[in-house]
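One letter stands for each residue in the lines below.
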Amino acid sequence: MATKQCCGCIGSITRNGLSSRIASRQIRIASRPLLNTSRSLTTTQHTVTSNTPSMPSVNGQAIPSTSSSYKPTPATLPQAPFPIFTTVADFRKWRKEQMKQDKSVGFVPTMGALHEGHLALVKESLRENDETVVSIFVNPAQFAPTEDLSSYPRTMESDIAALNRLASTMSNHKQISAIFAPTVPEMYPSPDGKPFTQVVSDQIGAFVEVAGLQHKMEGSSRPTFFRGVATVVTKLFHIVQPDQAYFGQKDIQQAILLRRLVSDLLFAHPPSPEALRIMPTTRDPIDGLALSSRNAYLTQRARPHANILYRALCAGQKAWDENPGDIQATLQAARQKAKQIAEEADKDGIDLDILYIDLNDPVDLDNLENRRGKSIIDPQTISQRGAILSGAALIKEGRNGRVTRLIDNFLLGFKL
Ligand SMILES: Nc1ncnc2c1ncn2[C@@H]1O[C@H](COP(=O)(O)OP(=O)(O)OP(=O)(O)O)[C@@H](O)[C@H]1O
Ligand SMILES: CC(C)(CO)[C@@H](O)C(=O)[O-]
Ligand code: BAL
């Protein structure tokens, strides 16, 4: 799998015989806040009692849960050479032992449906720490009621198998130490017994917000997303107490916001924002598409068009390299490329709705195009600070097809 940011390699797509015809259809490049997923990403059930479809165990033995709504089905789980903890109390006992032995613990939080991008994070943790913990938890708090919580891919058995196989790819055959796969009530305990609700105005209790960062970029169309992420990651860090935690650049805003959380709230675990490691985006080696669990939603016909953002960002990067700090030239090149690809896709019956392609400041995530209008910042200053070139698009096949949200980003002129 490829992790390099760019480029030059993706001039045209030959995969699945996609032609390079350009249609004249009007393409939407929207700066409006939009998460147009209501047609297919809906659930009417906003309260959640259970999370994982088949709940695990330690080595296939059922662990009694503290939650009465939770029904373990260990028979469906493969044997694993590492413990799978489902309760905070059990996990904490294990963690205490590692503390006593002064073992360093690396942590990779995930929502499961593991792919090579996740596994690259796990491998890095295996290389850098004595012990590695992977969490698998589809966090309801980061899904809006209209989003795809109920249909999010849950593949616990193959996830365990993939993690198990990983050891054979390590030079020292090192294995992960544990999986933490809690239920929803375990992560969102409720003294009054009410099930967790995704409706923010109905929630009672402690939630974590990172002001000034959570409503920009992805947060403009997913206004409660980063509140849900910051809350669950705070809980996970308190439980796992990692020395280092591993996140992907694919979700760049999430990683930057979480570093700020660690810094501002003086977390002891991980002990510094830098100990929250941000690893490069793993891509399809042939066409550059950023790997993502939701790519599983893509139809065969839509898949060849799904690398739209990668190709657009490559065009933007080229323009930036020619004129570092030139916001307009960079955005124009990227948006023009995206428009062209969307027109090609339209000819093939694939609808590509480009939500945004923007440049943002790496620290405060301000939109550089808008900010420039207010107070002119010269290209030299911008090129010195660097910028995040990112985009989001919705892709679907046919009028009533399922909508898949795509995101991607490149770091221009700075490193994390
Ligand atoms: N292609 C990738 N390269 C590197 N890291 C990745 C990649 N995809 C996901 N990650 C990282 O793995 C961690 C867990 O992500 P998650 O389980 O949400 O998977 P995902 O593929 O991002 O799913 P989704 O499709 O829901 O966005 C996050 O830190 C995320 O940034
Ligand atoms: C960090 C995370 C595991 C929190 O649920 C999730 O947002 C993800 O997988 O990127
Ligand atoms: N990796 C981000 C998880 C989400 O989009 O819900």
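Residues numbered from 1 in each chain as written. Chains lettered and ligands numbered in written order. Predicted model: local features only at pLDDT ≥ 70, side-chain atom pairs only at ≥ 80, totals over all residues. Heavy atoms only, no water.

1. What about the site of ligand 3?
This is how it is decided: One heavy atom within 4 Å of a molecule or strand makes the whole residue count as near it. Polar contact is defined as a pair of N or O atoms within 3.5 Å, subject to the rule that within protein one atom must be able to donate a hydrogen and the other to accept it, and that residues adjacent in sequence are counted only when both atoms are side-chain atoms. Calculation of accessible area relied on Shrake-Rupley with a 1.4 Å probe; when residues are assessed, cover is drawn exclusively from the protein chains displayed. The nonpolar class holds Ala, Val, Leu, Ile, Met, Phe, Trp, Tyr, Cys and Pro. Asp, Glu, Lys and Arg form the charged class, and all remaining residues, Gly among them, are polar.
For ligand 3, the full set of nearby residues is M111, Q142, R222, F225, D251 and R294. Here an oxygen atom of ligand 3 sits 3.2 Å away from a polar atom, N or O, in the side chain of Q142. In the environment of ligand 3, a nitrogen atom lies 3.3 Å from a nitrogen or oxygen atom belonging to the side chain of D251. With the chains in place, 84% of the 230 Å² that ligand 3 exposes on its own is no longer accessible. Its residues assigned to classes, the shell around ligand 3 comprises 2 nonpolar, 1 polar and 3 charged.

2. Description of the domain arrangement of the protein
What counts is decided by this rule: These domain limits were set by an automatic method or by a database of domain assignments. Pairs of residues are marked as contacts when any of their non-hydrogen atoms sit within 4.5 Å. Defined in terms of a 1.4 Å probe, buried area is the accessible area two parts forfeit on being brought together, summed over both. The salt bridge criterion pairs a side-chain nitrogen of Lys or Arg with a carboxyl oxygen of Asp or Glu, the two atoms within 4 Å.
The domains assigned to the protein are domain 1 (15–41 + 299–412) and domain 2 (47–279). With 21 residues of domain 1 in contact, the opposing surface of domain 2 contributes 18 residues. Summing the contributions of domain 1 and of domain 2, the shared interface buries around 1700 Å²; its carbon and sulfur component is 56%. Remark: the boundary between domain 1 and domain 2 carries 2 salt bridges. Note that E218 is salt-bridged to R405, the shortest N-O span being 2.9 Å.

3. Examining the site of ligand 2
Short version of the rule: Secondary structure elements follow DSSP: runs of H or I no shorter than four residues count as helices, runs of E no shorter than two count as strands, and numbering proceeds from the N terminus.
As a structural note, the neighbourhood of ligand 2 is formed by P109, T110, M111, N139, Q142, V229, V232, V233, F247 and Q254. Take Q142: an N or O atom from its side chain is 2.7 Å from an oxygen atom of ligand 2. Between an oxygen atom of ligand 2 and a side-chain N or O atom of Q254, the distance comes to 2.7 Å. The fraction of the free accessible surface of ligand 2 (280 Å²) that becomes covered by protein chains is 89%. Elements with a contribution of two residues or more to the shell around ligand 2: β5 (105–110) and α6 (225–240). In terms of residues, the shell around ligand 2 owes the most to one element, α6, which gives 3 residues. A class-by-class count of the residues in the shell around ligand 2 yields 6 nonpolar, 4 polar and no charged.

4. A word on the pattern of salt bridges
Basically, it comes down to this: Throughout this description, buried means an accessible area under 20% of the type-specific maximum (1.4 Å probe, protein chains only), exposed means over 50%, and partly exposed covers the range between.
In this structure the tally under the stated criterion is 23 salt bridges. A salt bridge links E124 to R277; the nearest nitrogen and oxygen atoms lie 3.5 Å apart. In this pair, E124 is assigned in helix α2 (residues 116–128) and R277 in strand β10 (residues 276–279), connecting sequence segments 153 residues apart. Across the salt bridge formed by R222 and E147, the nearest N and O atoms sit 2.6 Å from each other. Of this pair, R222 sits in the loop between α5 (218–221) and α6 while E147 sits in the loop between β6 (131–136) and α3 (156–166); the two residues are 75 residues apart in sequence, bridging distant segments of the chain. When its relative accessible area of 7% is taken as the criterion, R222 is described as buried.

5. Some remarks on the environment of R154
Of note, R154 is situated in the loop between β6 and α3. On a C-alpha basis, the gap between R154 and V138 in space is 8.2 Å, while along the polypeptide they are 16 residues apart. Only 2.8 Å separates the side chain of R154 from the backbone oxygen of L149, close enough to count as a polar contact.

6. Thoughts on the packing of aromatic side chains
Filter applied, for reference: Stacked, tilted and edge-to-face pairs are distinguished by plane angle, under 30 degrees for stacked and over 60 for edge-to-face with tilted covering the rest, among Phe, Tyr and Trp rings (Trp via its six-membered ring) whose centres lie within 6.5 Å.
All told, the structure shown has 12 aromatic pairs when counted by the stated rule. Seen in terms of ring centroids, F237 and F247 are 6.3 Å apart; in terms of plane orientation they differ by 80°. Their pairing is edge-to-face. Of this pair, F237 sits in helix α6 while F247 sits in strand β9 (residues 244–248), placing them 10 residues apart in sequence. Exposure class is identical for F237 and F247. Each is buried. Relative to F267, the ring of F237 lies with its centre 6.1 Å away and its plane at 80°, an arrangement referred to as edge-to-face. Of this pair, F237 sits in helix α6 while F267 sits in the loop between α7 (252–264) and β10, and the two are 30 residues apart along the sequence. Taking relative accessible area as the criterion, F267 reaches 10% and is therefore assigned buried. By way of ring pairs, the aromatic residues F85, F91, W94 and F180 are connected into one cluster.

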